[in-house]
Amino acid sequence: MNRMIDLDAKVRSLVERKVPRKEIVSELEAIASAAESRAKRFERAKKKGDRYRAETERALGARVGRILFFLHHGVPASQRATDADRQLYDLLEALTA
């Protein structure tokens, strides 16, 4: 599947459905792994636009990594967190307690 995931919508859905923290972590790890695999595949391809697609997938993987760091440690991953990341941190904050 080559569609870009809406990470915000995915996390919100998981939280709204009261999915346990451990399952959210597993889901996010799967998303990060899939994004990395797609990025590698796009890097090997020679089609126009594949480099951009690889960068987009790597950015998704990095963002998921920041969210996972927050879930594991209860603090933001870095100063590179976006406003959207911070909104997800606020949403997930209850899960870290």
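Right, let's walk through the structure included here. For clarity, every value in this text was computed on a predicted model and none was experimentally measured.

## Let's talk about the overall build of the chain
- Looking only at helices and strands, the chain has 4 helices and 0 strands in total.
- N-terminal to C-terminal, the α/β element order of the chain is α-α-α-α.
- Oriented by its inertia axes, the alpha-carbon framework of the chain measures out at about 45 × 30 × 20 Å.
- Split into buried and exposed, the 97 residues of the chain put 31% on the buried side.
- By sequence separation, contacts in the chain at least 24 residues apart represent 51% of the contacts at least 6 residues apart.
- As presented, the chain carries roughly 6,500 Å² of accessible surface, and 51% of it is formed by carbon and sulfur atoms.
- The distance from the centre of the 21 positive side-chain charges to the centre of the 15 negative ones in the chain is 6 Å.

## A closer look at the packing of helix H1 (residues 7–16) against helix H2 (residues 21–44)
- Packing of H1 against H2 brings their axes to within 11 Å, and their N-to-C directions diverge by 160 degrees. Classified by the angle between their axes, H1 and H2 sit roughly antiparallel to one another. In the packing of H1 onto H2, the handedness of the crossing is right-handed. Mapping the contact onto sequence places Leu-7, Lys-10, Val-11, Leu-14 and Val-15 in H1 and Ile-24, Glu-27, Leu-28 and Ile-31 in H2.
- A class-by-class count of the residues in the contact of H1 with H2 yields 7 nonpolar, no polar and 2 charged.

The rules behind the values
Residues numbered from 1 in each chain as written. Predicted model: local features only at pLDDT ≥ 70, side-chain atom pairs only at ≥ 80, totals over all residues. Heavy atoms only, no water. Helix = DSSP H or I, 4+ residues; strand = E, 2+ residues; numbered from the N terminus. Buried < 20%, exposed > 50% of the residue type's maximum accessible area, 1.4 Å probe, protein only. Contact = heavy atoms within 4.5 Å. Areas by Shrake-Rupley, 256 points an atom, 1.4 Å probe, with all protein chains shown as cover. Lys, Arg positive; Asp, Glu negative; His and termini not counted. Charge placed at Lys NZ, Arg CZ, Asp CG, Glu CD. Axes fitted to C-alpha atoms, helices over the stretch in contact; angles between N-to-C directions. Parallel < 35°, antiparallel > 145°, perpendicular 65-115°, else oblique. Left-handed = near helix turned anticlockwise from the far one by under 90°. Nonpolar A, V, L, I, M, F, W, Y, C, P; charged D, E, K, R; others polar.

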